[in-house]
Amino acid sequence: ANLGDITNMIAVDQVGVLSTENTFYVHDSSSTYYSDGVLSNILTGLSSDDWSITAASAGAIPPSPLSSLIQLTGGTVGGVVLAGYDQTYADGSFYMSHMDSTKRSSIQLKSIAQAATIVVSHGTC
């Protein structure tokens, strides 16, 4: 697939329900373009006194649009997933199931806004 000048993607996943308060996790695909973790280092470097952004310990990226992009390009394009969880989805989130509802779990609007700010900040680095 010819994707033009796309070299990396930042996917954002489940940031409205955090598994650890005020903490985001960066899951890195170790793409060929940024195989040395530059993209992860940029995002984790955006931590502040109020919010922590840390490398995920899962060792693989979660199912996401990024995993589809990696498969489509044979791994020549990669990136990171900025997520509200490390190894597993947040407790009680019922993510992507028939029970996924704001009636069962409160959406943290402040964390969604912060994730958006992080992604925008990366675009200006």
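Details of the structure are given in the entry above.
Because the structure is a prediction, the values reported are computed rather than measured. (Residues numbered from 1 in each chain as written. Predicted model: local features only at pLDDT ≥ 70, side-chain atom pairs only at ≥ 80, totals over all residues. Heavy atoms only, no water.)

(A) Molecular detail of the environment of Gly78. With respect to the helices, strands and loops of the structure, Gly78 is situated in strand S4 (residues 78–83). For the pair Gly78 and Thr7, spaced 71 residues apart in sequence, the C-alpha to C-alpha distance is 6.8 Å. (Helix = DSSP H or I, 4+ residues; strand = E, 2+ residues; numbered from the N terminus.)

(B) Fine view of helix H2 (residues 65–73). Taken residue by residue, H2 has Leu66, Leu69 and Thr73 as its buried positions. The buried residues of H2 occupy one face: seen down the axis, they fall within an arc of 60°. For H2, exposure combined with an orientation more than 90 degrees from the buried face picks out Gln71 and Leu72. Positive backbone phi, at 65°, marks Gly74, one or two positions downstream of H2. (Buried < 20%, exposed > 50% of the residue type's maximum accessible area, 1.4 Å probe, protein only. Arc of directions from axis to C-beta.)

(C) Seen up close, the pairing of strand S2 (residues 23–28). Of all 6 residues making up S2, 5 are buried, and the element is well covered by its neighbours. Summarising the sheet, S2 and strand S3 (residues 52–55) pair through 4 bridges and their orientation is parallel. Bridge pairing in S3 links Tyr25 to Thr54. Two elements, S2 and S4, share 4 bridges in a ladder whose sense is antiparallel. Paired with Tyr25 across the two strands is Ala83, which belongs to S4. (Pairing = 2+ DSSP bridges.)

(D) Spatial organisation of a nonpolar patch on the surface. The grouping of Ile107, Leu109 and Ile112 at the surface amounts to a nonpolar patch, some 280 Å² of accessible area in total. Along the polypeptide, Ile112 turns up in helix H3 (residues 109–123). (Patch = residues over 30% accessible without salt bridge, like charges linked within 9 Å, V, L, I, M, F, W, Y side chains within 5 Å. Areas by Shrake-Rupley, 256 points an atom, 1.4 Å probe, with all protein chains shown as cover. Salt bridge = Lys/Arg side-chain N within 4 Å of Asp/Glu carboxyl O.)

(E) Structural detail: the nonpolar core. In this structure, Val15, Leu18, Phe24, Val26, Leu39, Leu43, Trp51, Ile53, Val80, Leu82, Ala115 and Ile118 together form the largest nonpolar core, which totals 12 residues. Taken together, the elements giving at least two residues each to this core come down to S2, helix H1 (38–44), S4 and H3. Leu69, Val77, Val81 and Tyr85 belong to the second largest nonpolar core, which has 7 residues in total. (Core = buried A, V, L, I, M, F, W, Y, C linked by side-chain atoms within 4.5 Å.)

(F) Looking closely at unusual backbone geometry. In this structure, Gln14 takes a positive phi of about 45° despite not being glycine. Given the relative accessible area of 10%, Gln14 is considered buried. The backbone phi angle of Asn22 is positive, close to 55°, even though this residue is not glycine. Position of Asn22 among the secondary structure elements: in the loop between strand S1 (8–13) and S2. Classification of Asn22 by relative accessible area gives partly exposed; the value is 26%.

(G) Quick look at the packing of aromatic side chains. Using the criterion set out here, one finds 1 aromatic pair in the structure. Ring geometry for Phe24 and Trp51: centres 5.3 Å apart, planes at 15°, overall stacked. One end of the pair, Phe24, is in strand S2; the other, Trp51, is in the loop between H1 and S3, and 27 residues separate them in sequence. Here Phe24 and Trp51 have matching classes, each one buried. (Phe/Tyr/Trp six-rings, centres within 6.5 Å; stacked < 30°, edge-to-face > 60°.)

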